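Overview (structure and organization)
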Amino acid sequence: YHDWQWGGAIVGLPLGIGQRVLGVMNIAVNRPHDFDEGELRVLGLLADQAAIAIENAWLYSDIQQRIEQLKHTQAQLVHSARLVAVGELAAGVAHQLNNSLTPILGYTELLADNLGDDPTYGQDLQRIRTKAHQASEIVRNLLDFARQMKPQKQMTHINDVVRKTLALTRIQLEKAGLTIEENYAPSLDQLLVDTSQMGQVLL
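Residues numbered from 1 in each chain as written. Predicted model: local features only at pLDDT ≥ 70, side-chain atom pairs only at ≥ 80, totals over all residues. Heavy atoms only, no water.

1. Quick notes on the environment of Asn26
Positionally, Asn26 belongs in strand S2 (residues 20–29). With a relative accessible area of 52%, Asn26 lands in the exposed category. Residues Asn26 and Ile10, 16 residues apart in the sequence, show an inter-C-alpha distance of 6.7 Å. If we skip the residues at most four places from it in the chain, Asn26 touches Ile10, Val11 and Gly12. (Helix = DSSP H or I, 4+ residues; strand = E, 2+ residues; numbered from the N terminus. Buried < 20%, exposed > 50% of the residue type's maximum accessible area, 1.4 Å probe, protein only. Contact = heavy atoms within 4.5 Å.)

Given below as structure tokens:
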């Protein structure tokens, strides 16, 4: 910069890795100076080392991001595996409950037939029958929820799916002190969905 008021000297060196240039390193001094071959060689080595350091820092940052992505993916896989395990457990429990409910309903019907129109036990038997049918419906919904298969979409009364899903959690919600207010929109009544998967989403 002989013709400029600064009166110093500056040299720019490429920060290169192979054929790739990552940037430029500028070295400046506040006095007139001609950089000789020895200085340029040393500065070139410094630039090469700086380029390697920058490249390594970028690679390290990229590796850290990939590790975080892998951790996130692993967590999702673990969560998915747990959901599958919960589904299998729910299906097993539902089958066992169903095996118990079937004879309860059967014996209730036999008792009702044997007692005829006897009013003494008629109402009690009707209550048993009603509760057993409600339990069977919950078990059936639980089995539908736990079923693992490819999506099978069909035109569905989506409000029915909501009601069945709500039935699975109604007791827990009410025990938690929550008030359930149901208000179904007629415009959403018919949708093309997989009822089992939609139930899982709603749940």
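2. Description of the packing of helix H3 (residues 158–175) against helix H4 (residues 195–202)
Their axes nearest at 9 Å, the elements H3 and H4 cross at an angle of 55 degrees. As the angle between them shows, H3 and H4 are arranged oblique. Remark: the crossing between H3 and H4 carries right-handed chirality. Residues Ile158, Val161, Val162 and Thr165 of H3 pack against Thr195, Met198, Gly199 and Leu202 of H4. Per-class residue counts for the contact of H3 with H4 are five nonpolar, three polar and no charged. (Axes fitted to C-alpha atoms, helices over the stretch in contact; angles between N-to-C directions. Parallel < 35°, antiparallel > 145°, perpendicular 65-115°, else oblique. Left-handed = near helix turned anticlockwise from the far one by under 90°. Nonpolar A, V, L, I, M, F, W, Y, C, P; charged D, E, K, R; others polar.)

3. Section: the environment of Arg82
By secondary structure assignment, the location of Arg82 is in helix H1 (residues 37–115). With 41 residues separating them in the primary sequence, Arg82 and Gln123 have C-alpha atoms 44 Å apart.

4. Observations regarding the layout of surface pockets
The computed volume of the second largest pocket comes to approximately 160 Å³. Contributing to the lining of the second largest pocket are Lys131, Gln134, Ala135, Glu137, Ile138, Ala167, Arg170 and Ile171. Going through the elements one at a time, helix H2 (119–146) and H3 are the ones with two or more residues in the lining of the second largest pocket. Residue contributions to the lining of the second largest pocket peak at five residues, all from H2. (1 Å grid on protein atoms, 1.4 Å probe; cavity = no way out; pocket = protein on both sides within 12 Å on 5 of 7 lines; lining within 4 Å. Points joined across faces, edges and corners; volume = space filled by probe spheres on them.)

5. Some words on the packing of aromatic side chains
In total, this model carries zero aromatic pairs according to the counting rule given. Over the ring of Tyr184 we find Arg163, and its NZ or CZ is 4.3 Å from the ring centre. (Phe/Tyr/Trp six-rings, centres within 6.5 Å; stacked < 30°, edge-to-face > 60°. Lys NZ or Arg CZ within 6 Å of the ring centre and 35° of its normal.)

6. Digging into the pairing of strand S1 (residues 9–17)
Pairing geometry for S1 and S2, over nine bridges, is antiparallel. Bridged to Leu13 within S2 is Met25. Between S1 and S2, which pair antiparallel and follow one another directly, the connecting turn spans two residues, one of which, Gly18, has a positive phi of 65 degrees. (Pairing = 2+ DSSP bridges.)

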